[in-house]
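Below are the chains, spelled out letter by letter.
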Amino acid sequence: MLVTPTVHHLSPQGGTLSGRTNRYEKRLSELAGLYADETAFAAALGRGDRVVYAVEDFRPSAASGDICFGVTHMQPGRIGAEFFMTRGHIHAVANRPETYRGELGRGVMLMESPDGQVVTLEVVPGATVYVPPFWIHRSVNVGGEPLVMTFAYPADSGQDYGIISRSNGMRVRVVADGDCWRTVENPAWRPRSAEEIAAIMATGA
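Cut-offs used in this document
Residues numbered from 1 in each chain as written. Predicted model: local features only at pLDDT ≥ 70, side-chain atom pairs only at ≥ 80, totals over all residues. Heavy atoms only, no water. Pairing = 2+ DSSP bridges. Helix = DSSP H or I, 4+ residues; strand = E, 2+ residues; numbered from the N terminus. Axes fitted to C-alpha atoms, helices over the stretch in contact; angles between N-to-C directions. Core = buried A, V, L, I, M, F, W, Y, C linked by side-chain atoms within 4.5 Å. Buried < 20%, exposed > 50% of the residue type's maximum accessible area, 1.4 Å probe, protein only. Phe/Tyr/Trp six-rings, centres within 6.5 Å; stacked < 30°, edge-to-face > 60°. 1 Å grid on protein atoms, 1.4 Å probe; cavity = no way out; pocket = protein on both sides within 12 Å on 5 of 7 lines; lining within 4 Å. Points joined across faces, edges and corners; volume = space filled by probe spheres on them.

## Digging into the sheet that holds strand β8 (residues 98-104)
- If you trace the six strands from one edge of the open sheet to the other, you get β3-β4-β5-β13-β8-β11, paired in antiparallel fashion. At either end of the open sheet lies a strand with only one pairing partner, and these are β3 (22-27) and β11 (128-131). Pairs of neighbouring strands in the sheet enclose a mean axial angle of 20 degrees, with direction left out of account.
- Where β3 and strand β4 (residues 51-58) come together, six bridges link them in antiparallel fashion. Bridging from a neighbouring strand, N22 pairs with D57 of β4.

Right, here's the structure in full:
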């Protein structure tokens, strides 16, 4: 059955997408456990349960062969030395890729392979980051203004957010370093077993 084509318009300043089919936002309280400095997190939450990021997308269907696209709008801020970030995920159908294009602000795409390899790529206006299949990924706003990114991925990908918490976070954390940023090892990180890695790599095969 043919689906009617549509056109959608992005407002980078507001992070809004016309004709969206879904919108959600994540407040600080929903990101408990992500940051290393629990005291700083509690203090920030005490000043108000602010929205850290919001996502709007257009998903015509969840069928294989279709596509979902949308926009992420993330506020600037820090908890201790760490910048505001998304929860991060791997696709539930792990052999699905994703692209992110910078529209506003300055960010970092933090990526981790199932066996613990780490790649960090900067997201700036006009730059497109390709997240290959099987990579865990998290967006971090390392700038002083909102980070706005458009994204696209196969509509049947799904998200697995638990993969990060099961390893006690990602292998590295993105922290402030003067006016820039750097990564530091996460001492609580738990490597995945050979069996866990094999199960991930078999997903979507």
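Let's pick the thread back up.
## What about the sheet that holds strand β9 (residues 107-112)?
- A sheet is described by the order of its strands in space; here three strands give the open sequence β10-β9-β12, paired in antiparallel fashion. Each end of this open sheet is capped by a strand with a single partner; those strands are β10 (118-123) and β12 (136-141). Going across the sheet, the axis of each strand differs from the next one's by a mean of 20 degrees, ignoring polarity.

## Focus on the nonpolar core
- Grouped together as the largest cluster of nonpolar side chains are 43 residues, with contacts concentrated most on Y35, I79 and M109.
- Counting five residues, the second largest nonpolar core, distinct from the first, contains L17, V71, L104 and V148.

## Some points on the packing of aromatic side chains
- Evaluation of the coordinates by the stated rule reveals four aromatic pairs.
- An angle of 50 degrees between the planes, with centres 5.5 Å apart, marks the rings of F58 and F69 as tilted. One end of the pair, F58, is in strand β4; the other, F69, is in strand β5 (residues 67-74), and 11 residues separate them in sequence.
- For the pair F151 and Y153, a centre-to-centre distance of 5.9 Å together with 15 degrees between the ring planes defines the contact as stacked.
- Assessed through its relative accessible area of 6%, F151 is described here as buried.
- One aromatic cluster is present, formed by Y100, F151 and Y153 through successive ring pairs.

## Here we look at empty space enclosed by the protein
- Within the structure shown, the criterion is met by one cavity of 30 Å³ or more.
- Estimated volume of the largest cavity: approximately 40 Å³.
- For the largest cavity, the full set of lining residues is E82, F83, M85, L110, R138, V140, V172, R173 and V174.
- It is strand β14 (residues 172-177) that contributes the most residues to the lining of the largest cavity, three residues altogether.

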